[in-house]
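The lines below spell out each chain.
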Amino acid sequence: QVQLVESGGGLVQPGGSLRLSCSASGSIFSINLMNWYRQAPGTRRELVAFISRGGSTSYADSVKGRFTISRNNANNTVYLQMNSLKPEDTAVYYCNADHLDGLGTMRNYWGQGTQVTVSS
């Protein structure tokens, strides 16, 4: 089993910045893709950004140029630096990861989510 724990959410004014962190723990063999999703009230969960183990990244159009995803493979942590935040970025942000165990089985895990609120 792998556990994902997010931190770094909170209340910020429009134009401000936040940095989210997600640490993986447990019986970790190899974590491949690490992703950040978000879900605002009444909407579907959407993919914000992902990063491969090798560092390749991709972003939703709505956050390109404002958000940066990064990871530290040594401590199994993924980050999301969020700049120039807008009220429409308000959502619960979830960490998600694909874990490959020693037997070659891939499983997907979710964190519990962290609230980000952008408001004046």
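Criteria and cut-off values
- Residues numbered from 1 in each chain as written.
- Predicted model: local features only at pLDDT ≥ 70, side-chain atom pairs only at ≥ 80, totals over all residues.
- Heavy atoms only, no water.
- Pairing = 2+ DSSP bridges.
- Helix = DSSP H or I, 4+ residues; strand = E, 2+ residues; numbered from the N terminus.
- Axes fitted to C-alpha atoms, helices over the stretch in contact; angles between N-to-C directions.
- Salt bridge = Lys/Arg side-chain N within 4 Å of Asp/Glu carboxyl O.
- Buried < 20%, exposed > 50% of the residue type's maximum accessible area, 1.4 Å probe, protein only.
- Disulfide = S-S within 2.5 Å.
- Polar contact = N/O pair within 3.5 Å; in protein donor to acceptor, adjacent residues only side chain to side chain.
- Contact = heavy atoms within 4.5 Å.
- Core = buried A, V, L, I, M, F, W, Y, C linked by side-chain atoms within 4.5 Å.

Novice: Break down the sheet that holds strand β1 (residues 2-7) for me, with residues and values.
Specialist: A sheet is described by the order of its strands in space; here four strands give the open sequence β1-β3-β8-β7, paired in antiparallel fashion. Each having just a single partner strand, β1 and β7 (67-72) make up the two edges of the open sheet. Within the sheet, the average angular offset between the axes of one strand and its neighbour, ignoring direction, is 15°. Alignment of strand β3 (residues 18-26) against strand β8 (residues 77-82), held across six bridges, turns out to be antiparallel. Bridge pairing in β8 places Arg-19 opposite Gln-81.

Novice: Outline the pattern of salt bridges, supporting the account with residue identities and numerical values.
Specialist: Applying the stated criterion across every chain yields a total of five salt bridges. Where Asp-89 meets Arg-38, a salt bridge forms, and the shortest distance between an N and an O atom there is 2.9 Å. Linking Asp-89 in the loop between β8 and β9 (91-100) with Arg-38 in strand β4 (residues 30-39), this pair joins segments that are 51 residues apart in sequence. As far as burial versus exposure is concerned, Asp-89 and Arg-38 are alike and both buried. The residue Lys-64 makes a salt bridge to Asp-61 at a minimum N-O spacing of 3.1 Å. Here the two residues Lys-64 and Asp-61 agree in accessibility, since each one is exposed.

Novice: Now, about the state of the cysteines: what can you tell me, with residues and values included?
Specialist: In this structure the tally under the stated criterion is one disulfide. Disulfide pairing places Cys-22 opposite Cys-95 at an S-S distance of 2.1 Å. With the S-S dihedral at roughly -80°, the linkage between Cys-22 and Cys-95 falls on the left-handed side. Of this pair, Cys-22 sits in strand β3 while Cys-95 sits in strand β9, placing them 73 residues apart in sequence. The burial state of Cys-22 is the same as that of Cys-95; both residues are buried.

Novice: I'd like a rundown of the side chain of Asn-96, residues and numbers included.
Specialist: Along the chain, the position of Asn-96 falls in strand β9. Look at Asn-96 and you get buried, because its relative accessible area is 2%. A polar contact of 2.7 Å, which involves the side chain of Asn-96, links it to the side chain of Asn-35. Looking at Asn-96, its side chain comes within polar contact range of the side chain of Asn-108, at 2.7 Å. Setting aside residues up to four positions removed in sequence, Asn-96 forms contacts with Leu-4, Leu-33, Met-34, Asn-35, Tyr-37, Asn-108, Tyr-109 and Trp-110.

Novice: Residues and numbers for the nonpolar core, please.
Specialist: Trp-36, Leu-80, Met-82 and Tyr-93 are the most contacted members of the largest nonpolar core, which has 28 residues in total. Breaking this core down by element, the ones donating at least two residues are β1, β3, β4, β5 (46-51), β7, β8, β9 and β11 (114-118).

Novice: Please set out unusual backbone geometry residue by residue, giving values where relevant.
Specialist: The phi dihedral of Asn-76 falls on the positive side, at around 55°, and the residue is not glycine. A positive phi angle, close to 50°, is found at Ser-84, a residue other than glycine. You can see Ser-84 is positioned in the loop between β8 and β9. Given the relative accessible area of 41%, Ser-84 is considered partly exposed.

Take it as geometry only, folks, not as evidence of what the structure does.
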